[in-house]
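Tertiary structure, described
These are the residues of each chain, in order.
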Amino acid sequence: MQRFFGAILALLILVSCKEKKELVQQLEPKGTVQKPIVKHFGFNLEDYQVVYDTIKKGETFGELMLKNKVDYPKIIKIAEEYKDTFDIRRIDRKPYVLLKSKDTAEAAQVFIYQNDKINYTVFDFRDSTANAYKGKRNVKSVEREVAGIIENNLSETLDNLGVDYNVTIDLSEIYAWTIDFFRLEKGDKFKLIYDERFINDSVYAGRGPIKAALFEHKGTPIYAFPYVTDSLKNILDYYDQDANNLRSTFLRAPIKFGYRLSSRYNLKRRIAYYGYKVRPHKGTDYAAPIGTPIIATADGTVTESTRRGGNGKYVKIRHNGTYSTQYLHMKKQKVKRGEFVRQGDVIGWVGMTGNTGGPHVCYRFWKNGRQVDPLREKLPSAEPIADSLKTDFLAHIKPLKSQLDCIELIIPEPELQPEEDQLTLNP
Ligand SMILES: [Zn+2]
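Residues numbered from 1 in each chain as written. Predicted model: local features only at pLDDT ≥ 70, side-chain atom pairs only at ≥ 80, totals over all residues. Heavy atoms only, no water.

**What to know about the coordination of the zinc ion**
The protein atoms donating to the zinc ion are His281 (NE2), Asp285 (OD) and Cys362 (SG), with metal-donor distances spanning 2.0 to 2.2 Å. Along the chain, the residues that donate to the zinc ion are spaced as H-x3-D-x76-C. In this pair, Asp285 sits in strand E16 (residues 284-287) while Cys362 sits in strand E23 (residues 360-367), placing the two residues 77 residues apart along the sequence. Both residues of the pair, Asp285 and Cys362, count as buried. (Donors = N, O, S within 2.8 Å, 3.2 Å for Na, K, Ca; no water. Helix = DSSP H or I, 4+ residues; strand = E, 2+ residues; numbered from the N terminus. Buried < 20%, exposed > 50% of the residue type's maximum accessible area, 1.4 Å probe, protein only.)

**Thoughts on the pairing of strand E18 (residues 300-308)**
Note that E18 and strand E21 (residues 340-341) share two bridges and pair antiparallel. Among the inter-strand pairings, Gly300 is bridged to a residue of E21, identified as Val341. Bridge count between E18 and strand E19 (residues 312-318): seven bridges; the pairing is antiparallel. Bridging from a neighbouring strand, Val302 pairs with Ile317 of E19. In this antiparallel pair of consecutive strands, E18 and E19, the connection spans three residues, and Gly309 shows a positive phi of 40 degrees. (Pairing = 2+ DSSP bridges.)

**Here we look at the sheet that holds strand E5 (residues 108-113)**
With antiparallel pairing, the five strands of this open sheet are ordered in space as E3-E4-E5-E6-E7. At either margin of the open sheet sits one strand with a lone partner, and together these are strand E3 (49-54) and strand E7 (131-136). For this sheet, the mean angle separating the axes of adjacent strands, direction not counted, is 20 degrees. Sheet analysis places E5 next to strand E6 (residues 119-124), joined by four bridges and oriented antiparallel. Note that in E6 the partner of Val110 across the bridge is Asp124. (Axes fitted to C-alpha atoms, helices over the stretch in contact; angles between N-to-C directions.)

**Things to note about the sheet that holds strand E10 (residues 203-217)**
In space, the five strands of this open sheet follow the order E8-E9-E10-E11-E12, with antiparallel pairing throughout. Pairing within the sheet leaves two strands with one partner each, and these edge strands are strand E8 (139-149) and strand E12 (235-239). Direction aside, neighbouring strands of the sheet carry axes that sit 25 degrees apart on average. Judged from the eleven bridges that link them, E8 and strand E9 (residues 189-199) form a sheet pairing that is antiparallel.

**Regarding the packing of aromatic side chains**
Geometry of an aromatic ring pair is reported as the spacing of the ring centres plus the angle between the planes. Here the structure, examined in full by the defined rule, presents 18 aromatic pairs. Ring plane angle 50 degrees and centroid distance 5.0 Å describe the contact between Phe61 and Phe123, whose orientation is recorded as tilted. You can see Phe61 sitting in helix H2 (residues 61-67) and its partner Phe123 sitting in strand E6, a full 62 residues away along the chain. Classification of Phe123 as buried rests on a relative accessible area of 0%. Note on Tyr327 and Tyr363: the rings are 5.4 Å apart at their centroids and 40 degrees apart in plane angle, and the pair reads as tilted. Residue Tyr327 is located in strand E20 (residues 323-333), and its partner Tyr363 is located in strand E23; the two are separated by 36 residues in the primary sequence. As far as burial versus exposure is concerned, Tyr327 and Tyr363 are alike and both buried. Feature note: the residues Phe250, Tyr286, Tyr323, Tyr327, Tyr363 and Phe365 constitute an aromatic cluster, connected by ring pairs. Between Lys316 and the ring centre of Trp366, over which it is positioned, the NZ or CZ distance is 3.9 Å. (Phe/Tyr/Trp six-rings, centres within 6.5 Å; stacked < 30°, edge-to-face > 60°. Lys NZ or Arg CZ within 6 Å of the ring centre and 35° of its normal.)

**Some words on a nonpolar patch on the surface**
Among the surface-exposed residues, Leu66, Tyr72 and Ile76 lie close enough to one another that they form a single nonpolar patch of about 290 Å² accessible area. Mapped onto the secondary structure, Leu66 falls in helix H2. Judged by relative accessible area, which is 43%, Leu66 ranks as partly exposed. (Patch = residues over 30% accessible without salt bridge, like charges linked within 9 Å, V, L, I, M, F, W, Y side chains within 5 Å. Areas by Shrake-Rupley, 256 points an atom, 1.4 Å probe, with all protein chains shown as cover. Salt bridge = Lys/Arg side-chain N within 4 Å of Asp/Glu carboxyl O.)

Laid out in structure tokens, this is it:
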């Protein structure tokens, strides 16, 4: 019976994925074959001699217009009457289109200055009185789904998929506090949904924000969904599937509750045992009964899980290029070197191994290879999602999550090197 329901469920998922796929395919841009553009910026190009060029260094609007036989009064008129539309003194080295008359005079009829990829300004000199106006090119957003497996690094993998480098930056910023992108594992997987913008259905004009993402690091899937928690302040953050802020800061302590802060970070600490000599304490001690679970204060990868001298049994976790944390005097470790842990995961238990007068965990906080006081460190703050918004958030991400789950991940087949190639490479 259970198996029967399982099969039904699998079928349902399959069907819902298929339906979505057809919909997505409809949205994809059709082909790359371009019709010859006859109309451009609203002008029929066949009626003119068309010049495509770029404003040169030091070139002024007036000079350029005079050179192209525009009457001086018309230039003056543009400069004065259209100050608010276009400040001719602020002409940049941008591309322009010049439409000249087809007769022997070759006088400029229309000058189109391209402010950026999308906006342009038209100067029309055809009438006896010149005029100017602004225009916008037709920009369409096309949703794109991407999935890949890391071979060497993220940017290379995304580049091979033809994804804008800015998307790579966006993605690494979203996961900066969760995944150490400098230590990605071969075989890590990702999926993402974002918009690509196109002018006139063909010219790429940049990417939109990431709408949803999934990153599977060492087998742990972490989703990311943008969500505005404060519409007044317009605070947008990315949250995972359980509404945890991905920009999560460090937990205040490596023990959930029932501890006592027994010794703070202190570089001038003097200890009677050592004859009141300065014995700097570069850790923060949390006293707790033997066997109390010790938790990772942030997501990261275990770089050390060993027993050494005064440290006793300890675990060290690398969180990103800047921060690492270390947990000493454990009774026993629960994690191995190389393992990926998430914030709050139990990594070991309080003990008395190494140099210690009583059961505690000595918590050490590393910043750029130096030990600092975590209680004084200004760490990035992350607002948790309010309980009142959690239901809305979960409903909001439901379709996005299933869309992500439906993206097919094609595992590339290993490339076979043709023998001829090897022969020519080794003469
Ligand atoms: Zn200590």
